[in-house]
Amino acid sequence: MNPCVFIIFSLLLLLLVTATASQLEGDDRNMKKCLDKERDALLLFKAPLHDPNDTLSTWRADQHDCCKWNGVTCNTQTGHVTGLDIRNHDLGGEISHSLLNLTYLNTLALSFNSFNGTIPTFIGSLSQLTYLDLSENSLYGTIPPEFGNLTNLQELHLDSVGRCRVEKVGWLSHLSQLEVLVMDGVSLSKANHWVDVISSLPKLSWLSLQRCELSQVMYPYSSFLNSSSSSIVKLFLNDNNLTSSMYRWLSPLTTNNLLSLDLSGNMLDGIPKYFGNLCSLEYLLFNNNSAVVKFPDFLNNLSGCTSLSLQSLYAPESQFTGSLSDDIQKFSSLSSLDLSHNHLNGSIGEKLWELPMLEIVIVSFNNLTVPSTHHLSNISYVKYLDLSSCKLLGPRFPKWVQTLKNLNRLDLSNTGISDTIPLEFWDMWSSQLEYLNLSFNNINGKVPDLLSNFAEYSVIDLSSNNFTGQIPKLSSALATLDLSRNKFSGGISFICQIVDGWLEYLDLSHNSLIGQLPDCLWHFKYLRVLNLGHNNLFGSLPPSIGSLIQLQVLYLYDNNFSGELPLSLKNCTSLISLNLGANKFSYNVPVWIGENLSGLYVLILRSNNFFGTIPLKLCQLASLQILDMSMNNLHGTIPSCLSNLTSMVHQGTFSQDEEIQISYLPGPYVDHAMIEWQGDEREFFSTLKLLKSIDLGLCGPPLTKKCPGDEESESPPIIGKSEDDGEDTDELWGWFYIGGGMGFATGFWMACGALLLNRRGRHAFFQFYDYVKMVVFTANLQKARQT
């Protein structure tokens, strides 16, 4: 570049930077800082609050410009505070009256905190408010009718605000600018004519009244209600115990403006005919209704113009009966259909698959049958198919599934498949599948390598089948892998190839795997559940097991692992369930289990070769509910400090904060364990958290079980014993029995004589006897209830 040009360019650039800085400085000078009165009001608001996260740390008297405080918004021209948004900060305390001094406030958002007390009536004096959100707090009492003075209000959020109610709903009619009203959990049981008031709000487009006790309202509407005035677009009335009588007052709120309607969690036995004329309805939620509904009638009542607009029908866990009617073909816009957990029967015909926009089909847990052959030509849109617990007629593997080119979620679990899977099936969806569940079938054969079929955070569940051969190579993108209860063989070195992945759940239990656990577990920094139980694995646990710092469940039951537990295992401080039973572990029970694994609620070390005494540090496991150290070589006394295991005597289960959370499982993880129960070994699943058990394999008197070495010491040899000693011994025992019998008889009649002759003593004795019987009966009853 020419030197002159370079100098000119540099000068121009310097001039531009200087001008920009001056302009910014001028703009900053022109911006008004907050007023002292309003800054002081905010400090007074903060003063009594509990702020555990120090969210309001910038709110300080020495920071004069409150417009720069966290959550505070100001008008740049006047300096007045116009917005206060401190949602989701776990703040606690009462809402201070000092907010009255923020007379220009138009936004007040205090949701997802722990504010308590009654809802302040002074909020009704903040006449400039357009947005008010008090939801998810711990407030109580009546919603102040003074809120009717907030005539500029556009959004009012009072959902889950606490134990609140509305006595009279008339104040709402003054909020003519209101567009969004959310009052979930607020009792409206005494709010007569609430439908009239809601219908009078000309701009209301979003109304949510979930869990509002609407079924208890005696007069929800008046006879002269105008039925054509509603502007509601989204309406949520779920969980109100409503019956079909509600459709009389629902009609005025459901016009052709309505796009989304939620009626779930009620007691509705169908829908009225006028639902078929809601020509804009796109989303209908009808799940968890407790009354029986005939599904063909349900579809028929929607078969007007609604059938052309409806995009999603979500109705799992209702009481639908009947068949999946061919009327489904009328719903040409339908993209999502969930009818799972109902009582539908009959066959799924081809009419369903002919819907041109269909993407999600969930019809699991019904009595439906699915032909293993379909002649499908227009099914390429389907991305999510769940036929779990339906019955595939065949029982061949349904080859028509391979026509679903866009599929990313497939569930064919428990569908009666008894077949091998075509090799081309595994190559259908390169890097596309997010969820594949073929569990609880009778599928056999080998599984090819699956290195490129799955998207990130994907789930594979092939459990409870008859797959054979070695476990295939798998993608590092997996989040959940369940190959349990099959016939896989060979080693498990394949896990070393899963590098830098997202695996949270790995279950290889109930197979025929052999070999050692490879020392490469540092790859699994997100692993929460590792289950290798019921295999033929052997050797010592590798030191890298201590790198599983997120691990919550370690299940190695019924293998041939041996040696000492690695010291690195104490780093797994997130463990809540540790099951190492039925192996060959030896040495002392580690002290660090009690010191480092304080969150354990299950500790099973039974049927190993541990020796020594029971460490006192185990008494520190305050959350422990199941302790099994039986069938080892332990000796010594039982630590009296086991009384510190307080969870053993408390009702309920371990803390909900310690629940095992697996991000990508379709449902919650259910922990399980083999427990010695009433002489039998049983596997507990969903009831495991309710079980309280201590099993130590105790031996020696007064138990009938003899300790090792008792047989030798029971009859010590007598020096100088002759052949005649047997007769002397018999004679000695004879005199012993005679003397003992006489002593017993004498003592018995002395006691009985005293009771017969002493009236007061006799009454006291039998009162004590009745008391003992009562105590024993009560103890047995409590034991039975706990069991």
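Residues numbered from 1 in each chain as written. Predicted model: local features only at pLDDT ≥ 70, side-chain atom pairs only at ≥ 80, totals over all residues. Heavy atoms only, no water.

Per an unreviewed UniProt entry, the protein is named Leucine-rich repeat-containing N-terminal plant-type domain-containing protein, and its organism is Lactuca virosa. Of the comments in the UniProt record for the protein, the one headed Subcellular location (unreviewed entry) reads "Cell membrane". What UniProt records for the protein under Sequence similarities (unreviewed entry) is the sentence "Belongs to the RLP family." (UniProt positions renumbered as here; feature names shortened; annotations may be inferred.)

Caption draft 1: Geometry of the confidence of the model for the protein. In the predicted model, the protein carries a mean pLDDT of 84, and 80% of its residues have values of at least 70. Of the regions scoring below 50 in pLDDT, residues 19–28 engages in 0 contacts with residues more than four places distant in sequence or in other chains. Confidence drops under pLDDT 50 across residues 760–782; counting only partners more than four residues distant or on other chains, this segment forms 4 contacts. (pLDDT = per-residue confidence, 0-100. Contact = heavy atoms within 4.5 Å.)

Caption draft 2: Main features of the state of the cysteines. In total, this model carries 5 disulfides according to the counting rule given. Paired by a disulfide, Cys-34 and Cys-66 hold their sulfur atoms 2.4 Å apart. Of this pair, Cys-34 sits in the loop between helix 1 (3–30) and helix 2 (36–46) while Cys-66 is found in the loop between helix 2 and strand 1 (72–74), placing the two residues 32 residues apart along the sequence. Cys-66 shares its class with Cys-34; the two are buried. The disulfide partner of Cys-279 is Cys-305, and the gap between their sulfur atoms is 1.9 Å. Note on the Cys-279 and Cys-305 pair: the S-S dihedral is about -80°, so by sign convention the disulfide is left-handed. Highlighted residues: Cys-279 in the loop between strand 13 (260–262) and strand 14 (283–285) and Cys-305 in the loop between helix 5 (295–301) and helix 6 (306–309), separated in sequence by 26 residues. With relative accessibility at 24%, the residue Cys-305 sits in the partly exposed group. (Disulfide = S-S within 2.5 Å. Helix = DSSP H or I, 4+ residues; strand = E, 2+ residues; numbered from the N terminus. Buried < 20%, exposed > 50% of the residue type's maximum accessible area, 1.4 Å probe, protein only.)

Caption draft 3: The arrangement of the side chain of Ser-187 in detail. Summarising the element assignment, Ser-187 is placed in the loop between strand 10 (180–182) and helix 3 (194–199). A distance of 2.7 Å separates the side chain of Ser-187 from the side chain of Glu-213, its partner in a polar contact. With residues near it in sequence (within four places) discarded, Ser-187 still touches Cys-164, Arg-165, Val-166, Cys-212 and Glu-213. (Polar contact = N/O pair within 3.5 Å; in protein donor to acceptor, adjacent residues only side chain to side chain.)

Caption draft 4: Spotlight on the sheet that holds strand 5 (residues 114–118). On the basis of which strands lie adjacent, the open sheet formed by 4 strands has the order 3-5-7-9 and parallel pairing. Pairing within the sheet leaves two strands with one partner each, and these edge strands are strand 3 (92–93) and strand 9 (162–165). Of the strand pairs in this sheet, strand 7 (residues 138–142) and strand 9 are connected by 4 bridges, and their pairing is parallel. Residue pairing for strand 9: Gly-141 is matched across the bridge by Cys-164. (Pairing = 2+ DSSP bridges.)

Caption draft 5: A look at the UniProt feature "domain: Leucine-rich repeat-containing N-terminal plant-type" (unreviewed entry) in the protein. Residues given the UniProt feature "domain: Leucine-rich repeat-containing N-terminal plant-type" (unreviewed entry) here are residues 36–75. Summarising residues 36–75: 28% helix, 8% strand, and an end-to-end C-alpha distance of 15 Å.

Caption draft 6: The arrangement of the packing of aromatic side chains in detail. Applying the stated criterion across every chain, the model contains 22 aromatic pairs. With centroids separated by 5.4 Å and ring planes inclined at 45°, the aromatic side chains of Trp-353 and Trp-400 adopt a geometry described as tilted. Of this pair, Trp-353 sits in helix 7 (residues 350–353) while Trp-400 is found in the loop between strand 23 (391–393) and strand 24 (409–411), placing the two residues 47 residues apart along the sequence. Taken individually, Trp-353 and Trp-400 each receive the classification buried, so the pair is uniform in this respect. The rings of Phe-45, Trp-59, Trp-69 and Phe-115 are connected pair by pair, giving a single aromatic cluster. For Arg-409, the ring lying beneath its charged end belongs to Tyr-384, and the centroid distance is 4.7 Å. (Phe/Tyr/Trp six-rings, centres within 6.5 Å; stacked < 30°, edge-to-face > 60°. Lys NZ or Arg CZ within 6 Å of the ring centre and 35° of its normal.)

Caption draft 7: A look at the pattern of salt bridges. Summed over the entire model, instances satisfying the criterion amount to 9 salt bridges. The partner of Asp-327 in a salt bridge is Lys-330, with the nearest N and O atoms 3.8 Å apart. For Asp-327, a relative accessible area of 22% gives the class partly exposed. (Salt bridge = Lys/Arg side-chain N within 4 Å of Asp/Glu carboxyl O.)

Caption draft 8: Molecular detail of the environment of Trp-194. Among the structural elements, Trp-194 can be located in helix 3. Its relative accessible area of 2% is what places Trp-194 among the buried residues. Along the chain, Trp-194 and Gly-170 lie 24 residues apart, while their C-alpha atoms are 7.9 Å from each other. Beyond its immediate stretch of four places on either side in the chain, Trp-194 contacts Val-169, Leu-209, Leu-214, Val-217, Pro-220, Trp-249 and Leu-253.

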